[in-house]
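As a plain string of letters, each chain reads:
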Amino acid sequence: MPDNANRIVSTILEGLPFTVIAAVGGIALTIVLSLAAGLALLSRSRAVRVIARVYVEGLRGTSEVVQLFWLYFALPALVGLQLVPLYAGILVLGLNHGAYGAEIVRGAVRAVPRSQVEGALALSFTPAQRMRRVVLPQAFVEMLPPFGNLFIQLLKSTALLSFIQVTEIVQRGEQLRPTHGADLPFIYVVELLLYLVLALVITAVMRLLERAACRRIGREPVRNRFLGGVG
Amino acid sequence: MSNQSDPPMIRFDNVVKRFGDNTVLDGFTCRMAPGEFVTLIGPSGSGKTTILRLVMTLERVTDGLIEIDGSPLSHMHRGGKLVPADEKHLAGVRTRIGMVFQQFNLFPNMTVLRNITEAPVRVLGLTPAEADERARDLLDLVGLADKADEHPSRLSGGQQQRVAIARALAMRPDVLLLDEVTSALDPELVAGVLGLLGHIADTTDITFLCVTHEMGFARDVSDRVLMFDHGRVIEDAPPERLFTDPREERTREFLQAVVGRT
């Protein structure tokens, strides 16, 4: 460990709040957009489906870095709107991962057995009630593991925000580079460990949610016991 | 017992249902009186379940008309003409119809009690207390008063089906559709569920439309039995006549095959 390890660690840690805010903000936006776009992909209206499909393919199929540059550098030039770097970052993280999340929501909703919808229909639930009361609570359990993956990917993508000068942990590390050239291995190890800790926090939270969700539908929280709760 | 001169609770007028090129129902015409218990029998694929699904509005008719208590089910009046029903019209008539499914279709994300109270509260507008009381009375009726707070997955198939029956009754339907409700049950649980349904049929004025392979049950509780084959009714008679003295050769063959099996 280098002599000035304390200084290096404390400098990088100054970036931690920005990384956490970007990740939490991005996750919140991802959840909202995933649900909205995922349900839109299942809409009966063709126009709504097309709009959702354009969003998903457009955001999923283009570079996240270029999206970020576009929002941060091109938008001001075009319409004179200069976003705060952190907000631009959260927006891109949410928009991009929301596109992936939409497919998770769509897949999980479609995986709920048709018989559940028919059971709800036989009780005269409206389409919205069928979705809200019967389908989504069951689909929710299926969404949690893939959303856990997605949130961890989002966390690691917050490093991209260093490109637009958000002072998150990577940016803080880069600021040390001119004066701490010999300590680069240590600097990057600290950054990697910070991401690992945050990822483990996300994993733990998602596990808890998954357990609670499984218990709510009377299912053991073990993947291969899937059929146990349905029959 | 039914009286054929009553205005019908359900009327099928030349109902046709096709899936692509496959005609599953070929001009079905029939009237069912209020309180009547009608059982549909016949080989699988003969169109029986399709009739229930059409009445529940899970499927749309290809041609013809279905009326519930004088008002069109699959169609609605618009500008003096009958046009295919929209979602709003369907939502209105659907509340008069209930269905019990082969696979129960209980909601795993709700307790037994919530399964029964959810629709009365959300659809019929009962207060939670009213729905709760109604649900507990029904759980008493089906013999599961102690299971109100369980998850459906903790119950046996027979218990789940009793809950499904209670859930359907909680909506106070005029018409109750029974779609092979004992086919998914272990043999020792069948009699209990059928006994319960017989009791409900005897003590309420609900019109029952039932698809079953339990010929003893059909014989005991039905007012009428319709024999289906290839999408058409080939025989329509009271059970005592149809089971002892079938007029059609096809009915006789079918009954022999089924009785031989059970």
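Parameters at a glance
Residues numbered from 1 in each chain as written. Chains lettered and ligands numbered in written order. Predicted model: local features only at pLDDT ≥ 70, side-chain atom pairs only at ≥ 80, totals over all residues. Helix = DSSP H or I, 4+ residues; strand = E, 2+ residues; numbered from the N terminus. Rg over C-alpha atoms; globule rule 2.2 N^0.38 Å. Buried ≥ 20, exposed ≤ 12 C-beta atoms within 10 Å, placed from the backbone. Contact = placed C-beta atoms within 7 Å. Nonpolar A, V, L, I, M, F, W, Y, C, P; charged D, E, K, R; others polar. Pairing = 2+ DSSP bridges. Axes fitted to C-alpha atoms, helices over the stretch in contact; angles between N-to-C directions. Right-handed = clockwise from strand over helix to strand, strands pointing away. UniProt positions renumbered as here; feature names shortened; annotations may be inferred. Core = buried A, V, L, I, M, F, W, Y, C linked by C-beta atoms within 7 Å.

We now examine the overall build of chain B. Each helix and strand in chain B was counted, giving 9 helices and 12 strands. Computed over the C-alpha atoms, the radius of gyration of chain B is 18 Å, within 12% of the 18 Å expected from 2.2 N^0.38 for a compact globule of 262 residues. The dimensions of chain B, computed from C-alpha atoms along their principal axes, are 55 × 50 × 35 Å. Counting over 262 residues, chain B shows a buried share of 44%. Long-range pairs, those at least 24 residues apart, make up 65% of the contacts in chain B with a sequence separation of at least 6.

This brings us to the interface of chain A and chain B. In this complex, chain A contributes 22 residues to the contact, which on the side of chain B involves 22 residues. Counting residues per element, the ones that place at least two in the side of chain A that touches chain B are helix 6 (114–121) and helix 7 (127–157) of chain A. Class assignment for the residues of the side of chain A that touches chain B results in 8 nonpolar, 10 polar and 4 charged.

All names here are of chain B. Spatial strand order, 2-1-4-5: 4 strands in an open sheet with antiparallel pairing. Each of the sheet's edge strands pairs with one partner strand only, and the pair in question is strand 2 (22–32) and strand 5 (71–72). As paired strands, strand 1 (residues 10–19) and strand 2 are joined by 8 bridges and run antiparallel to one another. By the bridge assignment, Val15 is partnered in strand 2 with Phe28.

Let's shift gears to the sheet that holds strand 8 (residues 97–100) of chain B. All names here are of chain B. Strands sit in the order 8-9-10-3-11-12 across an open sheet of 6 strands; the sheet is mixed. With partners counted over all chains shown, the strands left at the sheet margins are strand 8 and strand 12 (232–237), one partner each. Across the sheet, the axes of successive neighbouring strands diverge by a mean angle of 20°, strand direction being ignored. Note: strand 9 (residues 175–179) against strand 10 (residues 207–211), 5 bridges, orientation parallel. Counted as the bridge partner of Leu176 is Phe208 from strand 10. Across the face of the sheet, helix 5 (residues 157–169) comes into contact with strand 8 and strand 9 while running at roughly 175° to strand 8.

The next thing to look at is unusual backbone geometry. Positioned with a positive phi, Ser124(A) is a non-glycine residue whose angle comes to about 65°. For Ser124(A), the position within the fold is in the loop between helix 6 and helix 7. Unusually for a residue other than glycine, Glu180(B) sits at a positive phi of about 45°. Structurally, Glu180(B) can be placed in the loop between strand 9 and helix 6 (187–203). For Glu180(B), a count of 19 C-beta atoms within 10 Å puts it in the partly exposed group.

Before going further, it helps to examine the environment of Pro108(B). Residues and elements named next belong to chain B. By the element assignment, Pro108 lies in the loop between strand 8 and helix 3 (112–122). With 20 C-beta atoms packed within 10 Å, Pro108 lands in the buried category. Between the alpha carbons of Pro108 and Pro239 there is a distance of 38 Å; along the sequence they are 131 residues apart.

On to the pairing of strand 10 of chain B. Residue and element names in this part refer to chain B. In terms of burial, strand 10 is largely enclosed, as 5 of its 5 residues are buried. Along strand 10, one buried face is formed by Thr207, Leu209 and Val211 and the opposite face, lined by Phe208 and Cys210, is buried too. As paired elements, strand 3 (residues 37–41) and strand 10 share 4 bridges and run parallel to each other. The residue of strand 10 that forms the bridge with Thr39 is Cys210. In this region the chain leaves strand 9, passes through helix 6 and returns to the parallel neighbour strand 10; the handedness of that crossover is right-handed.

Our focus in this paragraph is the UniProt feature "domain: ABC transmembrane type-1" (unreviewed entry) in chain A. If you check UniProt for "domain: ABC transmembrane type-1" (unreviewed entry), the listed places come out as residues 16–206 of chain A in our numbering. Along residues 16–206 of chain A the backbone is 81% helical and 0% strand, and the end-to-end C-alpha distance reaches 21 Å.

Looking now at the nonpolar core. Side chains of nonpolar character tend, in soluble globular proteins, to be buried together. Ranked by internal contacts, the top residues of the largest apolar core, which has 118 residues, are Val55(B), Val175(B), Leu177(B) and Leu209(B). Here this core gets 12 residues from one element, more than from any other, and that element is helix 5 (residues 85–111) of chain A. When neighbours within four sequence positions are excluded, Leu177(B) is seen to be in contact with Leu52(B), Val55(B), Met56(B), Ile97(B), Gly98(B), Met99(B) and Leu209(B). Among the nonpolar cores identified, the runner-up in size contains 6 residues, and Ile169(A), Val170(A), Ile187(A) and Leu194(A) belong to it.

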